[in-house]
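Structural characterization, general
Here is how the chains run, residue by residue.
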2 protein chains.
Amino acid sequence: MATKGITNRQRIIEAADRLFYVRGYNRTSFSDISDATGLPRGNFYYYFKTKEDILDAVMDSRVESFGQMLKACTQATDDPHARLLAFVRQPLQNEQVLQYGCPFGTLSAELGKSPSAEASRAQITAVFDVLRHWCAGQFGALGVTPARADQLALELLARMQGMTLIASIYNDREFLQRTGAGIESWLDEIIKHEVQA
Amino acid sequence: MATKGITNRQRIIEAADRLFYVRGYNRTSFSDISDATGLPRGNFYYYFKTKEDILDAVMDSRVESFGQMLKACTQATDDPHARLLAFVRQPLQNEQVLQYGCPFGTLSAELGKSPSAEASRAQITAVFDVLRHWCAGQFGALGVTPARADQLALELLARMQGMTLIASIYNDREFLQRTGAGIESWLDEIIKHEVQA
DNA sequence: TTCAGACTCGGACAATCGTATGACTCCACT
DNA sequence: AGTGGAGTCATACGATTGTCCGAGTCTGAA
């Protein structure tokens, strides 16, 4: 019953996810997804009423995959500092980041430009809030006030977004590594100056 | 003769520039530009052979406008440090940056995703090179080595891109101001530690 | 064995896309 | 006065878009 259906639905999401990432949302057509999955165009309507529904499913998928990544960072160690370091190192190892940028950052830049982007914008911020709150939680566990922890979380995300954007524009692996190291030492400084041991 | 023609051509470029910025390149159609200018769709072909030609003209226009901005920063003072400060403060005063992000950053994120984006990518890097070389020039004038100046220039651009992206996602004016101030004090630190007075 | 419903398929819908053309107006110049 | 080219305009092309549907297949339950 709902077994094969879910499989195909998942196949659509995965193909759309990759295409949205590589080609962008607007430049990806149903035909593209059809070619990638082998499923006929008309079949999509059975699972998703509109293209935006596919986008929603893709974003949910990315949120979940990022959630698992954060979970892995959380479970790897009890030290919030080490957790943040693991989080920062994540994009440095990912080869595709160099080519296509951050899956969330680029999508946000694309979807942020909409006629009345109430729905999209809310979804984008919700996505970033996942990262934001996780980072803020780690900073908070280090002993800074919640307000300051949120500030630091935003600054960390901004640094990482800028890093991935510039790195992908210039396709510069060395810059990616160097800036990643810079963020790591910035984290060290933060902890050294703001955290009472 | 070529007077009214240039006027209309300019009108197309300006309308396309604004639309590409607000709605994105892919989501902007000839009809949109037609509505914005009042000029019939078919007329565009007289000035531009393809949509990408319009994009080229728009990017040239943005490069020139950024060039003038850099020129203003250069002429304002002889002190490279003050010049860099003026450059950093530029997006903080621009209201639209909060809504739509950096005109180059968002466009780069959008155009970076192309089938075989040889042409677009080259143009994007050329655009960023303008900023990169100017910043590197200022750092160089402060006395650091050319290689180090280029590194600092890239890092500055990355920080500003990350700042504008996060600020536009959350529409957070306070974050924009705070992070801008953070970049300024980072500049102070750089100069204090790396420049021999 | 039958049947309802989950699922699949190919095609077609209207709309819009970017592109293109041919006839038109206007003005500078001879 | 008349010619030629710059500029303007309405229109329409083929292709593709996202959407949608009717008919079909398959399968588990009755």
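Residue indices follow the written sequence of each chain, beginning from 1 at its first position. Naming scheme: in the order in which they are written, chains are lettered from A and ligands are numbered from 1. Totals for whole chains, interfaces and linings use all residues, but because this is a predicted model, local features are given only for residues with pLDDT of at least 70 and pairs of side-chain atoms are given and counted only at 80 or more. Hydrogens and waters are ignored; side-chain quantities use all the structure's heavy atoms.

**Considerations on the overall build of chain A**
- The helix and strand inventory of chain A stands at 10 helices and zero strands.
- Taken along the three principal axes of its C-alpha coordinates, chain A extends 60 × 40 × 35 Å.
- The contacts in chain A between residues at least 6 apart in sequence include a share of 67% that link residues at least 24 apart.
- Neither His nor the chain ends is counted toward charge; the positive residues are Lys and Arg and the negative residues Asp and Glu. Note on charges: their place is set at NZ of Lys, CZ of Arg, CG of Asp or CD of Glu. One way to put it: in chain A the 21 positive side-chain charges average out to a point 5 Å from where the 23 negative ones average out. Helical segments are the DSSP runs of H or I of at least four residues, strand segments are the runs of E of at least two, and each set is numbered from the N terminus. Residues are treated as being in contact if the distance between any of their heavy atoms lies within 4.5 Å.

**Re the domain arrangement of chain A**
All names here are of chain A.
- Entries for chain A in the domain assignment read domain 1 (1-49) and domain 2 (51-194).
- As used throughout, domain bounds are those supplied by an automatic or database domain assignment. Placing a centre on the C-alpha atoms of domain 1 and another on those of domain 2 gives a separation of 26 Å.
- On the domain 2 side, the residues contacting the 15 residues of domain 1 number 18 residues.
- By buried area we mean how much accessible surface two parts lose on assembly, using a 1.4 Å probe and totalling the loss over both. Three residues, Phe20, Tyr21 and Tyr25, lead the burial of domain 1 against domain 2; their summed loss comes to 45% of the area buried on that side.

**Describing the pattern of salt bridges**
Residue and element names in this part refer to chain A.
- The working definition used for a salt bridge is a side-chain nitrogen of Lys or Arg within 4 Å of a carboxyl oxygen of Asp or Glu. Under the defined criterion, the tally for this structure stands at 17 salt bridges over all chains.
- A salt bridge links Arg62 to Asp17; the nearest nitrogen and oxygen atoms lie 2.7 Å apart. Here Asp17 lies in helix H1 (residues 2-23) and Arg62 lies in helix H4 (residues 51-76), a separation of 45 residues in the sequence. Asp17 shares its class with Arg62; the two are buried.
- Notably, a salt bridge pairs Arg148 with Glu194, separated by 2.5 Å at the nearest N-O pair. Between buried and exposed lies partly exposed: a residue is buried under 20% and exposed over 50% of the maximum accessible area for its type, with that area taken using a 1.4 Å probe on protein chains only.

**Observations regarding the state of the cysteines**
Residues and elements named next belong to chain B.
- Here, two cysteine sulfur atoms that lie within 2.5 Å of each other are counted as a disulfide. Taken as a whole and assessed by the stated rule, the structure comprises zero disulfides over all chains.
- Cys73 takes part in no disulfide bond, and the closest cysteine sulfur, belonging to Cys135, lies 9.2 Å away.
- Here Cys102 is not cross-linked by a disulfide; its sulfur's nearest cysteine counterpart is in Cys135, at 12 Å.

**Things to note about the packing of helix H4 (residues 51-76) of chain B against helix H7 (residues 103-111) of chain B**
All names here are of chain B.
- Every axis corresponds to a line fitted to the C-alpha atoms, with the helix fit spanning only the stretch in contact, and the corresponding angles, defined between N-to-C directions, vary from 0 to 180 degrees. Remark: H4 packs on H7, axes separated minimally by 11 Å, with the N-to-C direction vectors making an angle of 150°. With respect to H7, the element H4 is oriented roughly antiparallel. Our pair here, H4 against H7, has a crossing hand that is left-handed. Touching Leu55, Met59, Arg62, Val63 and Phe66 of H4 are Pro103, Phe104, Leu107 and Leu111, all from H7.
- Side-chain classes are defined by residue name, with Ala, Val, Leu, Ile, Met, Phe, Trp, Tyr, Cys and Pro counting as nonpolar, Asp, Glu, Lys and Arg as charged, and the others, Gly among them, as polar. When the residues that make up the contact of H4 with H7 are grouped by side-chain class, the tally is eight nonpolar, no polar and one charged. Just so you know how the angles are binned, under 35 degrees is roughly parallel, over 145 roughly antiparallel, 65 to 115 roughly perpendicular, and the rest oblique. For any helix crossing, the convention is left-handed if the near helix is rotated counterclockwise from the far helix by under a right angle, and right-handed if that rotation is clockwise.

**Examining helix H10 (residues 173-194) of chain A**
- Every helix has an expected span of 1.5 Å times one less than the residues it contains. Counted at 1.5 Å a residue, the expected span for H10(A) with its 22 residues is 32 Å, and the 31 Å between its end C-alpha atoms agrees.
- What qualifies as a polar contact is a pair of N or O atoms within 3.5 Å, subject to a donor-acceptor requirement within protein and to the restriction that residues adjacent in sequence count only when both atoms come from side chains. Here H10(A) starts with a cap whose side-chain oxygen sits 3.1 Å from the backbone nitrogen of Glu174(A), and that cap is Asp172(A).

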